[in-house]
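Structure assessment
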Amino acid sequence: MVAITLPDDSVLSYDNPVSGAEIAAGIGPGLAKAALAVRVDGRLQDLSTPIDADAAVSIITARDDDALELIRHDAAHVMAEAVKELYPETQVTIGPAIENGFYYDFSRPTPFTPEDLEKIEARMRDIVGRDESLVREVWDRAEAIRFFKDQGEHYKAQIIEDLPDGEPITVYRQGDFIDLCRGPHLPSTGKVGTAFKLMKLAGAYWRGDSKNEMLQRIYGTAWPDAKQLKAYLRMLEEAEKRDHRRLGREMELFHIQDIAAGSVFWHPKGWTLYRVLQDYIRARLEDAGYIEVNTPQLVDRSLWEDSGHWEKFREYMFTAETEDRVLALKPMNCPCHVQIYRQGITSYRDLPVRMAEFGSCLRNEPSGALHGLMRVRAFTQDDAHIFCTEDQITSETKAFCDLLMSIYKDLGFEEVVVKFADRPPVRAGADETWDKAETALIEATAAAGLETVLNPGEGAFYGPKLEFVLRDAIGRDWQLGTLQVDFVLPERLDATYIGEDGQKHRPVMLHRAILGSLERFIGVLIEQYAGRLPLWLAPVQVVVATITNAADSYAREVRTALAEAGLRTEIDLRNEKINYKVREHSLGKIPAMLIVGNREAEDGTVALRRLGGKDQEILALAKATARLKEEAAGPLG
RNA sequence: GCCGGAUUAGCUCAGUUGGCAGAGCGACUGAUUUGUAAUCAGUAGGUCGGGGGUUCGAAUCCCUCAUCCGGCACCA
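Residues numbered from 1 in each chain as written. Chains lettered and ligands numbered in written order. Predicted model: local features only at pLDDT ≥ 70, side-chain atom pairs only at ≥ 80, totals over all residues. Heavy atoms only, no water.

**A word on the overall build of chain A**
The test is simple: Secondary structure follows DSSP: runs of H or I at least 4 residues long count as helices, runs of E at least 2 residues long count as strands, and numbering of each begins at the N terminus. The rule is simple: take the accessible area with a 1.4 Å probe, protein chains only, and divide by the maximum for that residue type; under 20% is buried, over 50% is exposed, in between is partly exposed. Throughout, a residue-residue contact means that at least one pair of heavy atoms, one from each residue, lies within 4.5 Å. Neither His nor the chain termini are counted; the positive set is Lys and Arg, and the negative set is Asp and Glu. Charged side chains are reduced to one point each, which is NZ for Lys, CZ for Arg, CG for Asp and CD for Glu.
Of regular secondary structure, chain A possesses 20 helices and 35 strands. Here chain A holds 637 residues, and 49% of them are scored as buried. Considering only intrachain contacts with a sequence separation of at least 6, the fraction spanning at least 24 residues in chain A is 67%. When the 77 basic and 102 acidic side-chain charges of chain A are each reduced to a single mean position, those positions are 5 Å apart.

This is the structure:
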């Protein structure tokens, strides 16, 4: 007797083990046709797998979120089958569902070409049309290894060899294609549907390790229906328009060129944005009890040897030589901050010391990592190091989280992912120290009301860290803020304080940044706003534009009034139609335009037009100026 | 760094089999004095990413380097 409880709490009883397909058929022919998989006591499984014990069962159809992952995973398998049919010499490796789609990694001596992708996609459509059944089989481990080796599928054989003992070896048959897979899968290839598209070719290391062979990865996207596929493709097109590299050019903010790969040429408008942001952060830090310092960029290698960076990051440091010394361009500020801390003697009464610097750092990033403003070789961190006692870690961390979230909110970011990266396999310091540091971080984030996602084993070698992650226009995540607990550097560079007991003690260092790098943050900021920065951040806040040259002198008066109110302005007196000027400044993402013609000049008014707005508003000059000034004040008032 | 693709005017891009290097936008000049997302006309603008090779002849074919794009790896 098997009792199956359905989501509506009704119970069906069967004399023998029953499959999901049979349950669906029992409920109705419509459901039998729509069924894709079943969830049994919370676990997703194939329709065909018999259920031999009492269970809560729900039938998954295309409408369920679970279906999407199945469709994508199956699309990956269909792609593998297509590749094997077209290029039998190819070895298949792994092919999971991912956000928005799927990929499959292949090993093949000759590279795939974009034309191959078209052929593969066409063959995938054939396979979907064939509607091959996906049949699950449990195999004997040794037999499975032998089978895949005979097939020349050495990667698959290796995967099986590395599976833990006792793990059942399941394979899925679809047509003549047999793939090792944990499942579950859809009942047949036809259920994948036709709303998929192969997107791009990429290299990817076997098992994610750069010491291994590089495989060829094909990425695809798949959706339940054509409408959703189309919407996704349209979203990608829109995202492209928000790309900070494109907007940076269109808005005349910055450029990057070959002669200085990985460094930014900031143009006047971009540099204005940079300074506004920096001034804002400076004010917030001052308010939060930080002191600001500035430290050398060229520092003798001995300091980096003492700090441990020379050993670990030597190849990513730029060096310079003078006479008989080797200097490094600083890749980070912390060792220098310790030098300032060490001047004189610090009492426990002085702690915490919150030492901030807009530190210009240089790192020789691998060429393939460079990406617009997001990943550069020369950047400025809004860095600070908090020297404190162990007891102060929790309160300092909480205060930092509060400050960071408040700043992100001011800058327009409400959705922040906070990752907690705990101890890595190779690390410095005793386990008890790590226990203490990790606990302190978790308690502090909870106290700050933040939820964290565990990022296992990804902490720095000297301590656990919090990573504050924002997402760019195309859905890529970028780590911006960070907080890292460090027990090691104070030891290595001999930082001390005198405790209540009159004895020397080691302070703890909290490495922390909010924006991360000014460069990267501005990149994310541009994409977040699609270039339409709020008034207080916009490099040019108002453009005064004339309708005819007869209004020129009045326009100059208007501009002067705005400038006296502290607004960043430009004036457009060109002999062009107002349509032309409006279009051009709109494309330049200028938040406000004051348009003046003969009427305004006579009345002492201005026509205020907001970026993207359809209407204009006629206001007395003084009123318009006062209003814009108020709006431009920003979060600091 | 690795895999794949790309590099032609300031920008976006076309350029057939190896046979005179093109368009649109922008810039400049002139006309126009204009009422809320492109006024008209004209002019200028090129080491076809750099270097090497094959060829009577190379933007086009080969080699090499650089940079960029998409991933992967890395990210103190």
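Still to come is the rest of the account.
**Brief notes about the environment of Ala142**
Looking at where Ala142 falls in the secondary structure, it is placed in helix α5 (residues 141-150). For the pair Ala142 and Ile169, spaced 27 residues apart in sequence, the C-alpha to C-alpha distance is 9.8 Å.

**Brief notes about unusual backbone geometry**
Note that the residue after Gly183, namely Pro184, is joined by a cis bond; omega there is -5 degrees. Within the secondary structure, Pro184 sits in the loop between β13 (177-180) and β14 (196-205). The omega torsion of the bond from Leu351 to Pro352 falls at 0 degrees, within 30 degrees of zero and hence cis. Counting through the fold element by element, Pro352 comes out in the loop between α12 (334-341) and β22 (353-362). One non-glycine residue, Asp131, lies in positive phi territory at about 50 degrees. With respect to the helices, strands and loops of the structure, Asp131 is situated in the loop between α4 (114-130) and β11 (134-139). Residue Asp131 is classed as partly exposed on the basis of its relative accessible area, which comes to 42%. At Glu323, a residue that is not glycine, the phi angle is positive and equals roughly 45 degrees. In this fold, Glu323 is placed in the loop between β20 (319-322) and β21 (325-329).

**Focus on the pairing of strand β25 (residues 452-455)**
Applied cut-off: At least two DSSP bridges between two strands are required for those strands to pair. Throughout, right-handed denotes a crossover for which the path from the first strand over the helix to the second runs clockwise when the strands point away from the viewer.
Relative to β25, strand β24 (residues 417-421) is paired through 4 bridges, and the arrangement is parallel. Its bridge partner lying in β25, Ala421 is registered against Asn455. The parallel pair β24 and β25, bridged by helix α14 (residues 431-447), forms a crossover whose chirality is right-handed.

**Notes on the protein's contact with RNA strand B**
So the rule is basically this: To be near a molecule or strand, a residue needs just one of its heavy atoms within 4 Å of it. Residues adjacent in sequence count toward polar contacts only when both atoms are side-chain atoms; beyond that, a polar contact is any pair of N or O atoms within 3.5 Å, and within protein one must be able to donate a hydrogen and the other to accept it. Residues are sorted three ways: Asp, Glu, Lys and Arg are charged, Ala, Val, Leu, Ile, Met, Phe, Trp, Tyr, Cys and Pro are nonpolar, and all the rest, Gly among them, are polar.
Of all residues adjacent to RNA strand B, which total 57 residues, the nearest are Ser367, Asn575, Arg583, Glu600 and Gln616. The sugar-phosphate portion of RNA strand B accounts for 51% of its atoms within 4 Å of the protein, the bases making up the rest. Between RNA strand B and the protein, one listed contact pairs a sugar or linking oxygen with a side-chain N or O atom of Tyr462 at 3.1 Å. With respect to RNA strand B, the backbone of Asn598 contributes an N or O atom lying 3.3 Å from a base oxygen. Those elements that provide at least two residues to the surface near RNA strand B are β14, β15 (214-222), α8 (244-250), α11 (309-313), α18 (578-587), α19 (598-603) and β34 (605-610). The element that contributes the greatest number of residues to the surface near RNA strand B is α18, accounting for 7 residues. Considered class by class, the residues forming the surface near RNA strand B number 23 nonpolar, 18 polar and 16 charged.

**Side note on the pattern of salt bridges**
Any two side chains of opposite charge can pair, so long as their charged atoms come close to each other. Where we set the bar: A pair is scored as a salt bridge if a Lys or Arg side-chain nitrogen falls within 4 Å of a carboxyl oxygen belonging to Asp or Glu.
The full count for this structure, using the stated rule, is 45 salt bridges. The structure contains a network of salt bridges with shared partners spanning Glu81, Glu85, Arg123, Asp126, Arg130 and Glu132.

**Points about the confidence of the model for chain A**
Quick note on the threshold: pLDDT gives the predictor's per-residue confidence on a scale running from 0 to 100.
With 100% of its residues at a pLDDT of at least 70, chain A reaches an overall mean of 94. The ipTM assigned to the predicted complex is 0.94, against a pTM of 0.94.

**Some points on helix α6 (residues 154-162)**
Residues spaced three or four apart along an α-helix point in a common direction, a consequence of the helix completing one turn every 3.6 residues. Of the positions making up α6, those classed as buried are Tyr155, Lys156, Ala157, Ile159 and Ile160. Structurally, α6 contributes buried residues whose contacts are with β8 (91-92), β10 (101-107), α5, β12 (169-174), β13 and β15.

**Overview of the environment of Phe254**
Within the secondary structure, Phe254 sits in strand β16 (residues 254-255). Take Phe254: its relative accessible area is 6%, and that puts it in the buried class. Each C-alpha atom, one on Phe254 and one on Val543, is 20 Å from the other, the two residues being 289 residues apart in sequence. Discounting residues that sit within four places of it in the chain, Phe254 has contacts with His244, Arg245, Gly248, Arg249, Val264, Phe265, Trp266, His267, Leu373 and Ile526.

**What about the state of the cysteines?**
Disulfides are covalent bonds that link the sulfur atoms of two cysteine residues. Here is the rule: The disulfide criterion is simple: two cysteine sulfur atoms within 2.5 Å.
Under the definition given, this model contains 0 disulfides. Sulfur of Cys388: no disulfide; nearest cysteine sulfur belongs to Cys401 and is 13 Å away. Note on Cys388: relative accessible area 0%, which makes it buried.

**What about the environment of His185?**
Inspection of the secondary structure assignment puts His185 in the loop between β13 and β14. In sequence terms His185 and Glu69 are 116 residues apart; their C-alpha atoms lie 9.7 Å from each other. Filtering out sequence-adjacent residues up to four positions away, His185 remains in contact with Leu36, Asp46, Leu70, His73, Asp74, His77, Leu134 and Tyr172. A distance of 2.6 Å separates a polar atom in the side chain of His185 from a polar atom in the side chain of Asp74.

**As for the packing of α5 against α6**
What counts, and what does not: Between N-to-C directions, angles cover 0 to 180 degrees, with each direction set by a line fitted to C-alpha atoms, over the stretch in contact for helices. Here is the rule for angles: anything less than 35 degrees is roughly parallel, anything more than 145 is roughly antiparallel, 65 through 115 is roughly perpendicular, and the remaining ranges are oblique. Crossing handedness is defined as follows: a turn of the near helix away from the far one that is anticlockwise and smaller than a right angle gives a left-handed crossing, while the clockwise case is right-handed.
Packing of α5 against α6 brings their axes to within 7 Å, and their N-to-C directions diverge by 165 degrees. What the angle tells us is that α5 and α6 run roughly antiparallel. Crossing handedness for the pair α5 and α6: left-handed. Contacts from Arg141, Ala144, Ile145, Phe148 and Lys149 of α5 reach α6 at His154, Lys156, Ala157, Ile160 and Glu161. Here the residues of the contact of α5 with α6 sort into 5 nonpolar, 1 polar and 4 charged.

**Remarks on the sheet that holds β24**
Ordered by their spatial adjacency, 8 strands build an open sheet running β18-β22-β23-β30-β27-β26-β24-β25, and the pairing between neighbours is mixed. Edge positions in the open sheet fall to β18 (291-292) and β25, since each of these has one partner strand only. In this structure, β22 lies alongside strand β23 (residues 378-388), joined through 10 bridges in antiparallel fashion. Note on β23: the bridge partner recorded for Arg354 is Ile386. Taken strand by strand, helix α9 (residues 268-287) contacts β18, β22, β23 and β30 (508-517), and its axis lies near 160 degrees from that of β22.

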